[in-house]
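Residues per chain are reported as follows:
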Amino acid sequence: MTKSLLGSIAGAPIHEVLLRSPAGAQARIMEWGAVLRDLEVPKPGGGLQRVVLGLPNLADYPVHSPHMGAIAGRYANRIGHGRFTLDGATHQLPLNQDGRHSLHGGGQGFGKRPWTLVHHDETSATLALVSPDGDAGYPGTLQLWCCYSLIGAATLRIALSATTEAATVVNLAHHSYFRLDDGPDILDHTLEVRANLMTPVDADSIPDGSLAPVAGTPFDFRRARPIRFAAADGGRFRYDHNFMLRRERREPCPAAGRELAHAATLRSARTGLAMELWTTEPALQVYDGFKLDTAVAGLDGAAYGPCAGIALEPQHVPDSPNLPHMPNTVLRPGEVYRQVSEYRFGA
């Protein structure tokens with residue numbers, strides 16, 4: 001375990017820790033945004049493979065990072081018109097998506113502020129954050145913890161927890177962009193998503209409240225297939241959509257007091273490397289990174305253009321505070337929000 005000072009942002013010192021597993025995997029975690037800045041895992045045939053997108057310079061994160069490796073919140077994804085009602089009170093959030101909706105906490109969410117490293121050892125790091133009452137329009141003072149752990153041969157576990165002093169809504173999500181080889185994009189990676197249903201959205205990517213079967217549509221990843229999908233108009237179908245997980249393949253998770261379920265599997269034929277995602281969450285946002293066009297170089301000087309990585313974000317359904325028939329995202333005093341997701345790498 002190595003801890004270092006990367007620099008400062010707006011006067012706040014930002015530290016980073018390097019975690020190492022006995023099998024050789026290593027992860028870099030920094031206090032800014034509780035970001036996973038780098039992750040390398042053993043690949044078939046020997047050596048290490050970088051599997052996430054990251055930036056080499058701390059100063060580039062506030063300006064150029066599209067939530068790369070960050071913890072998004074207080075409400076990850078979108079809230080329609082930046083407005084919701086809780087216990088009879090209406091709350092207005094910043095409108096940072098096209099001036100119409102709130103996205104990832106309203107522009108200065110948890111992925112764009114400093115956390116505090118409160119514990120670290122050779123294989124784990126725990127960070128904490130306090131979000132005051134009224135922060136970005138959200139009610140209730142929220143206390144949060146994020147724990148990254150390298151476990152087993154090559155698994156990254158991310159455990160998120162929170163408590164509140166007043167009723168609020170919480171939906172956290174880890175937002176790494178994954179790529180399992182050194183190709184320019186992930187379109188030829190194969191993806192399996194264990195979901196029969198997805199949530200249709202309007203032109204602003206706000207769910208309309210319905211559910212739609214994936215069968216016979218571009219959203220059908222029930223069997224592994226390449227992410228690239230040719231649209232009927234001759235273009236390419238783009239993914240930034242939420243899937244309802246079947247949760248039929250499960251394992252106990254004592255750390256969360258709940259069960260992990262297999263959500264997705266991503267594979268690269270170039271390296272023979274695969275990543276299984278297991279989570280406690282009811283839904284998965286799949287974003288193929290089609291908007292990526294990072295103006296600065298990434299790790300090792302890599303250029304990050306469209307689809308350079310794919311975000312697989314375990315979470316609740318977007319706009320759930322306005323969709324009472326969807327799984328509940330309200331957290332009340334005396335309750336503990338818990339989320340655990342594992343990214344398991346292997347041949």
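Residues numbered from 1 in each chain as written. Predicted model: local features only at pLDDT ≥ 70, side-chain atom pairs only at ≥ 80, totals over all residues. Heavy atoms only, no water.

1. Concerning the sheet that holds strand E22 (residues 240–245)
Strand order in this open sheet of six strands is E17-E27-E26-E22-E19-E20, and the pairing throughout is antiparallel. Each edge of the open sheet carries a strand with a single partner, namely strand E17 (177–178) and strand E20 (212–213). Summarising the sheet, E22 and strand E26 (residues 283–287) pair through five bridges and their orientation is antiparallel. In the sheet register, His241 faces E26, and the bridge partner there is Val286. (Pairing = 2+ DSSP bridges. Helix = DSSP H or I, 4+ residues; strand = E, 2+ residues; numbered from the N terminus.)

2. As for the nonpolar core
Most often, soluble globular proteins have nonpolar side chains that are buried together. By size, the foremost hydrophobic cluster in this structure holds 61 residues, and its most contacted members are Leu39, Tyr148, Leu191, Val193 and Phe345. Of all the elements, strand E13 (residues 142–151) adds the most residues to this core, at five residues. In contact with Leu39, not counting residues within four places along its chain, are Gln26, Ala27, Gln49, Arg50, Val51, Val52, Leu150, Leu156 and Phe345. Membership of the second largest hydrophobic core comes to 19 residues, among which are Ile14, Leu53, Leu55 and Ala308. (Core = buried A, V, L, I, M, F, W, Y, C linked by side-chain atoms within 4.5 Å. Buried < 20%, exposed > 50% of the residue type's maximum accessible area, 1.4 Å probe, protein only. Contact = heavy atoms within 4.5 Å.)

3. Structural notes on the pairing of strand E2 (residues 12–20)
Bridging between strand E1 (residues 2–9) and E2 involves seven bridges; their strand directions are antiparallel. Paired with Thr2 across the strands is Leu18, a residue of E2. Once E1 ends, the chain turns through two residues before running back antiparallel as E2, passing Ala10 with a positive phi of about 55°. Taken together, the five bridges between E2 and strand E3 (residues 26–30) define a ladder with antiparallel strand orientation. Looking at the pairing, Glu16 lines up with Met30 of E3. Connecting the antiparallel pair E2 and E3 is a turn made up of five residues, with Gly24 showing a positive phi of about 110°.

4. So, the packing of aromatic side chains
This structure, assessed with the given rule, holds eleven aromatic pairs. Residues Phe219 and Tyr239 carry aromatic rings whose centres are separated by 6.2 Å and whose planes lie at 80° to one another, so their mutual orientation is edge-to-face. A residue pair is termed long-range when its members are at least 10 positions apart, and Phe219 in the loop between E20 and strand E21 (225–226) and Tyr239 in the loop between E21 and E22 qualify at 20 residues. Of the two residues, Phe219 and Tyr239, both sit in the buried class. Measuring from ring centre to ring centre gives 5.7 Å for Tyr287 and Phe290, while their planes differ by 80°; the resulting arrangement is edge-to-face. Here Tyr287 falls in the buried class, since its relative accessible area comes to 8%. The structure contains a cluster of three or more aromatic residues connected by ring pairs, namely Phe219, Phe221, Phe229, Phe237, Tyr239 and Phe243. (Phe/Tyr/Trp six-rings, centres within 6.5 Å; stacked < 30°, edge-to-face > 60°.)

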